[in-house]
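Listed below are the residues making up each chain.
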There are 2 protein chains.
Amino acid sequence: MLTYDIKGKNKYYSLYCNIRDDILNGRLKSGQKLPSKRALAQDLSISVITVQTAYEQLLAEGYIYSVERSGYYVANVSVDFYGRRELPPEPRSQENKFKADFVKGGAATGLFPFSVWAKLMRRVLADCGEHLLERVPCDGDGELKRAVASYLYRARAINTDPRYVVIGAGAEYLYGVIVQLLGRDKLFAVENPGYGKISASYILNGAQCAYISVGEKGADCGEVEKSGADVLHISPSHQFPTGAVIPASERMRLINWVSDGGKYIIEDDYDSEFRLSGKPLQCMQSLCPDRVIYMNTFSKSLAPSMRMGYMVLPPKLYERYIKLFSHSACVVPLFEQKTLAVMLDGGYFERHISRLKNHYKCVRKAVLDRAKNLGVGCVIDDTGSGLHLIAEFPDAPSDEYVRQTALKNSINVKCLSDYLLAPAKVKEKCAVINYSGITVEQIENIKI
Amino acid sequence: MLTYDIKGKNKYYSLYCNIRDDILNGRLKSGQKLPSKRALAQDLSISVITVQTAYEQLLAEGYIYSVERSGYYVANVSVDFYGRRELPPEPRSQENKFKADFVKGGAATGLFPFSVWAKLMRRVLADCGEHLLERVPCDGDGELKRAVASYLYRARAINTDPRYVVIGAGAEYLYGVIVQLLGRDKLFAVENPGYGKISASYILNGAQCAYISVGEKGADCGEVEKSGADVLHISPSHQFPTGAVIPASERMRLINWVSDGGKYIIEDDYDSEFRLSGKPLQCMQSLCPDRVIYMNTFSKSLAPSMRMGYMVLPPKLYERYIKLFSHSACVVPLFEQKTLAVMLDGGYFERHISRLKNHYKCVRKAVLDRAKNLGVGCVIDDTGSGLHLIAEFPDAPSDEYVRQTALKNSINVKCLSDYLLAPAKVKEKCAVINYSGITVEQIENIKI
């Protein structure tokens, strides 16, 4: 066993440095197996999380590698780490310590049509050749802009001129762009409970946030009106985590709100591809294209590693965008943009989405079936939309009980209240079942 | 000829919309040649620049395409622009209206080893397969981080642990990250005259800028000390546009300045690969790795379209970076990162740099030779560094005269004073000869 004296505030970092130095000075040899996280944690009297964080850091930097169902091994790192050396095998996937993790999210990457993607990449490489070296305008490649506009027309009935489509690198990158575009003196209202990364990104970019309660009809319109907010960030088709869908009447009230003065709504349509039953609701963007910024990414629909997202900007904002950013090139490489354009235009993307939907229908059905026969009272209201469900446990004494009972059975789950960003009323004893990265088998094996 | 009534403030936009609508409604047919910019400008009584901007917009959006030495043609855009349609030929390169453009910069993209790059891409695609779909940590892929650290050790004698290398998307993206990292309440001192995008990026990201005069010894240390700045952004090896190199004594004075309190220096080593004679100066980063952020990109050395740059962060800043950004994935796709890592590790990058240096030595020599025989007094002081030179015209009456004489001969050039960001003293009658995108032939054909 490794013996280190781990103390101080930053335990994981101390452990990381100790192991790293031992690898570099040769005390730990290439190919040597590291102790299991649990064993090392016990031995050093530190938490498993600390060991895991240290291992993940070593893994990310290539000092160790993981072998599925076996553990972690020292990579071949020569003592002079600046010299050439054999590269360690790539870490394939982070070990998942839970039998089912409904918090982490993720995507069904196993279904990603990698061979199609690779084929299209080779085709783009051959077809475009040195054109791929050209500077991409700040709003993205024209072909991809058109392909996205055309897709949005087919899939979401959004009728936009392709020029207003702006390509960027993932959701958080786009949040930052929006702050620069609208001004960091603006007050951004976000949904509460909600997805913490949204407000975190706005704050990191220097803006202020207001928090709007979410009820059964989505963001509370009265609170929005009273908030003094300049910008409202919502997911009207399927709110995370409540699953609320904003009904038509409330949509019109929000449109009335946004039309008065220089306000904007950001319509974050993050999992709209996955409406598994019924007809999708019309986008807010179509109701008021001058005041609604539509945004979405390919993280859920293709792969989380695909740092590609897009916005449809109101014409005036588009002009401001071009004015502000025309000196910069688009951060997404042309190669990825061209490949995605071909994937969209060739129908490959929609075929992939339809496979994903079939997969998620099965997972969802498994969740609903398993909930019925759990042996504890569990009520799930199936709205048919998106990649998560709310499971209510009326007989449980508290949220804490729900979480702990799950954890004892190696299930990672959070309650609605865990997603509160500021104090607010929220339904109790409701677990958020985010099943985007879960298999049917994992669901069927759940025991409580 | 096209007849439109172009008026209002935004003439290019009006022209753009008119032509675009005529393409969409079929009045302008696929394959039809557009009038030359000069002819259309004359006909509509607007400036050539206005027509050019409108054409460029149409080009970028794929409504028209350009054929070298021929002109602009209407692309095959069907009337229903949401439907599928044949894609127009890609615009290959923006037409250059000057015989020699010393302002635009650019790179010798013709020398880019595209076949090597394509080969390595195919290899990475085959070797890594679905691993390419994995989420990249916020500081970049471990292999590329190591490859960059190793390259920096060989090329710049920077002895950094690879973990402190942070991969990002191009210089402007990294400027934004630095503002978030150091705080937008900080005062950023920039060189004056200088590269306008630097201060523009800081300001766009919400920080304030102070302007430091640049003399023969680079940024004025006295002004830096008095500025009250928290952060100093400099290019000590080769300042743009003055070409000044900060001597060792002044470097130590700046290190003394930065060591006192929570200050930082950003060492922007933007064209250090291109020291064409003599030995390179030690990096400031090596003198004070705790207080100097080293940064560079691959825009000059590979291609401007390659949105990839990197920073070497002081250890404490690296920790803060991880804390702030660990929830985000790196914006540069793993595919590009792996390919570049192989290119660096396999020695391909350094072979390419050495080819580029030979090319630039020839261009530089051509500039120096041509300057001697221009027939007008022209003094160039060859410091042997970087991709631009300062040509002084002692007999010229003014900067305006220098610019205008060049323009009459279809040469685009700016003077040192044109790069002033705030009022300051600067040497007069000095043209900035940025030859990174120029050929020897273009130089030899210069006549005044």
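The model shown is predicted, which means the values in this text are computed figures rather than measured ones.

1. Here we look at the environment of Ala39 of chain B
Residue placement: Ala39 of chain B occurs in helix α2 (residues 37-44). Spatially, the C-alpha atoms of Ala39 of chain B and Val51 of chain B are 9.7 Å apart, while their sequence positions differ by 12 residues.

2. What about the relation of the copies chain A and chain B?
If you rotate chain A by 180° and push it 0.0 Å along the axis, it lands on chain B with an RMSD of 0.1 Å. In short, the pair behaves as if placed about a two-fold rotation axis. The fraction of interface residues of chain A whose copies in chain B are also interface residues reaches 100%, indicating that both copies meet through the same surface.

3. With respect to the interface of chain A and chain B
Taken residue by residue, the interface counts 73 residues in chain A and 75 residues in chain B. The junction of chain A with chain B conceals about 6,800 Å² of combined surface from both sides, 54% of it contributed by carbon and sulfur atoms. Linking chain A with chain B are 1 salt bridge, by the criterion used here. Across the pair Arg20 of chain A and Asp161 of chain B runs a salt bridge whose closest N-O atoms are separated by 2.1 Å. Our count for the chain A to chain B interface comes out at 11 residue pairs in polar contact (both at pLDDT 80 or more). Of all the secondary structure elements, the ones that give two or more residues to the side of chain A that touches chain B are α1 (11-24), α3 (48-60), α4 (114-128), α5 (142-156), α6 (170-182), α7 (196-204), α11 (315-325) and α12 (334-345) of chain A. For the side of chain A that touches chain B, the element with the highest residue contribution is α5 of chain A, accounting for 6 residues. Partitioned by chemical class, the residues of the side of chain A that touches chain B number 34 nonpolar, 15 polar and 24 charged.

4. Observations regarding the sheet that holds strand β8 (residues 231-234) of chain A
All names here are of chain A. The strand order β4-β11-β10-β9-β8-β5-β6-β7 describes an open sheet built from 8 strands, whose pairing is mixed. Looking along the sheet, the strands with just one partner apiece sit at the ends: β4 (165-168) and β7 (218-219). Direction of pairing for β8 relative to strand β9 (residues 264-268): parallel, over a ladder of 4 bridges. Looking at the pairing, Val231 lines up with Tyr264 of β9.

5. Things to note about the packing of aromatic side chains
Two numbers describe a pair of aromatic rings. These are the distance of the centres and the angle of the planes. Scanning all chains against the criterion turns up 32 aromatic pairs over all chains. When the centroid spacing of 5.8 Å and the interplanar angle of 20° are considered together, the rings of Tyr65 of chain A and Tyr73 of chain A count as stacked. Just as Tyr65 of chain A is buried, Tyr73 of chain A falls in that class too. Taking 5.4 Å as the distance between ring centres and 85° as the angle between the ring planes, the aromatic pair formed by Phe274 of chain B and Tyr360 of chain B counts as edge-to-face. Separated by 86 residues along the polypeptide, Phe274 of chain B in the loop between β9 (264-268) and α10 (284-287) and Tyr360 of chain B in helix α13 (residues 348-372) bring together distant segments of the chain. Comparing Phe274 of chain B with Tyr360 of chain B shows no difference in burial state: the two are buried. When the ring centre of Tyr264 of chain A is taken as origin, the NZ or CZ atom of Arg291 of chain A, which lies over that ring, is 4.5 Å away. The ring of Tyr419 of chain B has Lys414 of chain B sitting right over it, with the charged end atom 5.5 Å from the ring centre.

6. Details of α1 of chain A
Residues and elements named next belong to chain A. A rise of 1.5 Å per residue sets the reference length of α1, with its 14 residues, at 20 Å; its end C-alpha atoms lie 20 Å apart and thus fit the reference within 8%. Of all 14 residues in α1, 10 are buried, a share of seventy percent or more. Among the residues of α1, those classed as buried are Tyr13, Ser14, Leu15, Tyr16, Cys17, Ile19, Arg20, Asp22, Ile23 and Leu24. Of the residues one or two after α1, Gly26 is the one with positive phi, at around 85°.

What counts, and where the lines are drawn
Residues numbered from 1 in each chain as written. Chains lettered and ligands numbered in written order. Predicted model: local features only at pLDDT ≥ 70, side-chain atom pairs only at ≥ 80, totals over all residues. Heavy atoms only, no water. Helix = DSSP H or I, 4+ residues; strand = E, 2+ residues; numbered from the N terminus. Least-squares fit on C-alpha atoms with pLDDT ≥ 70 in both. Contact = heavy atoms within 4.5 Å. Buried area = accessible area lost by both parts, 1.4 Å probe. Salt bridge = Lys/Arg side-chain N within 4 Å of Asp/Glu carboxyl O. Polar contact = N/O pair within 3.5 Å; in protein donor to acceptor, adjacent residues only side chain to side chain. Nonpolar A, V, L, I, M, F, W, Y, C, P; charged D, E, K, R; others polar. Pairing = 2+ DSSP bridges. Phe/Tyr/Trp six-rings, centres within 6.5 Å; stacked < 30°, edge-to-face > 60°. Buried < 20%, exposed > 50% of the residue type's maximum accessible area, 1.4 Å probe, protein only. Lys NZ or Arg CZ within 6 Å of the ring centre and 35° of its normal. Expected span 1.5 Å × (residues − 1).

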